[in-house]
Amino acid sequence: MKIVACNSNRPLAEAVAAALHMPLTRASVRRFADMEIFVEIHENVRGEDVFVVQSTSYPANDNLMELLITLDALRRGSARRVTAVVPYFGYARQDRKSGPRTPISAKLVANLITEAGANRVLTMDLHAGQIQGFFDIPVDNLYAAPLFARDIAERFAGRDMMIVSPDVGGVLRARGMATRLNCDLAIIDKRRERAGVSEVMNVIGDVAGRDCILVDDIVDSGGTLCNAAVALMASKARSVSVYITHGVLSGGAVARISSSPIAMMTITDSILGTEAVRVAQNLRQLTIAPLLAEAMRRISDESSVSSLFE
Ligand code: R5P
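Counting from 1, residues in each chain are numbered in the order their sequence is written. Confidence filtering applies because this is a predicted model: local features only for residues at pLDDT of at least 70, side-chain atom pairs given and counted only at 80 or more, and all residues used for totals across whole chains, interfaces and linings. To obtain the side-chain values, all non-hydrogen atoms of the structure were included, while hydrogens and water were left out.

S.K.: Looking at this structure, I do not really get the side chain of serine 270. What am I missing?
M.R.: Runs of H or I in DSSP of at least four residues are treated as helices and runs of E of at least two as strands, each being numbered from the N terminus. Residue placement: serine 270 occurs in the loop between strand S13 (264-268) and helix H8 (275-279). Side-chain atoms alone can form a polar contact between residues adjacent in sequence; in general such a contact is a pair of N or O atoms within 3.5 Å, and within protein one must be able to donate a hydrogen while the other accepts it. Engagement of the side chain of serine 270 in a polar contact is seen with the side chain of histidine 246, the distance being 2.8 Å.

Here it is, written out as structure tokens:
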């Protein structure tokens, strides 16, 4: 078994390697003057079971290209099996035609990863589970829910919690968390009554006096969550906290979250946190390194990955 780290999240790859008590494979990913990517694996990988760790987060296209070129290098280096470990799978939100003459980019990215040489994919909280079917190679989709559930149970012990879905699309995910924690569920229904009239946020469920915990897969601009937090506080919630798997946090997201009523937003390290994330008072990261490491060990040993979540 060998682990190759691309550049999007080296600390995560290092933590995974440390959890597996093995060094990262010596490799370099460099740029030519015109920004073309050049990859060189400095160790023999012939016949090896190789895992390439790379989130296709910002800058998404560079990181995707780095992954593809690394997969190609490993295939041409005669690796026995190559697993693309993509903790955050970018482009996942483009998973259907959103209108006439628009692409399904998530499918295109799946084709590219397969064509570049991946024999399997290991990822986490795919935006839509059906994306697994965009690949004709095995995909293991891990869940942050058990990690979050343990953390919530510790931090909110003895408090009157309520799990909240920030939109109707996230109800399944939020209901799963509410079931795990044996607590109530509320839903935020965003509705634009007429074109040109601003969106109304209706809170479905009695959140008055409750410690509300919003759960979602992605925080990007932060708009969805900050608006949800305002709506919950207006409905007399006692506090609002947030648990999100992938902290995309584009543009002014961190500033928006810092000045929102969100008491604490917990994200994972599927995407490397920026300096702004590290210093923000109401943002914290939980590591997925042990979970990824265990899943990789099981893939290598040909043992069950799904049983990690039973
Ligand atoms: C949408 O379906 C996703 O689950 C997230 O709710 C969304 O991507 C969050 O985006 P933003 O933070 O920009 O509102």
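Having seen the structure, we can now continue with the description.
S.K.: What exactly am I supposed to notice about the pattern of salt bridges here?
M.R.: By salt bridge we mean one thing: a side-chain nitrogen of Lys or Arg within 4 Å of a carboxyl oxygen of Asp or Glu. Inspection of every chain in the model, using the stated rule, returns 23 salt bridges. We note a salt bridge from aspartate 160 to arginine 210, for which the minimum N-O separation is 3.0 Å. In this pair, aspartate 160 is assigned in the loop between helix H4 (145-155) and strand S8 (161-165) and arginine 210 in the loop between strand S10 (200-204) and strand S11 (211-219), connecting sequence segments 50 residues apart. Whether a residue is buried, partly exposed or exposed follows from its accessible area with a 1.4 Å probe, protein chains only, as a fraction of its type maximum: under 20%, in between, or over 50%, in that order. Classification of aspartate 160 as partly exposed rests on a relative accessible area of 44%. Judged by relative accessible area, which is 13%, arginine 210 ranks as buried. With a closest N to O distance of 3.0 Å, aspartate 184 and arginine 210 form a salt bridge.

S.K.: What is the right way to look at the site of the ligand in this model?
M.R.: One heavy atom suffices: a residue is near a molecule or strand as soon as one of its heavy atoms comes within 4 Å of it. The local shell around the ligand consists of Arg93, His127, Asp167, Asp216, Asp217, Ile218, Val219, Asp220, Ser221, Gly222, Gly223 and Thr224. Arginine 93 places a polar side-chain atom, nitrogen or oxygen, 3.1 Å from an oxygen atom of the ligand. A distance of 2.6 Å separates an oxygen atom of the ligand from a polar side-chain atom of aspartate 216. Listing elements by their share of the shell around the ligand, those giving two or more residues are S11 and helix H6 (223-234). No other element matches the 4 residues that S11 contributes to the shell around the ligand. For the shell around the ligand, the per-class residue count stands at 2 nonpolar, 5 polar and 5 charged. Under this grouping Gly is polar, as are all residues other than the nonpolar Ala, Val, Leu, Ile, Met, Phe, Trp, Tyr, Cys and Pro and the charged Asp, Glu, Lys and Arg.

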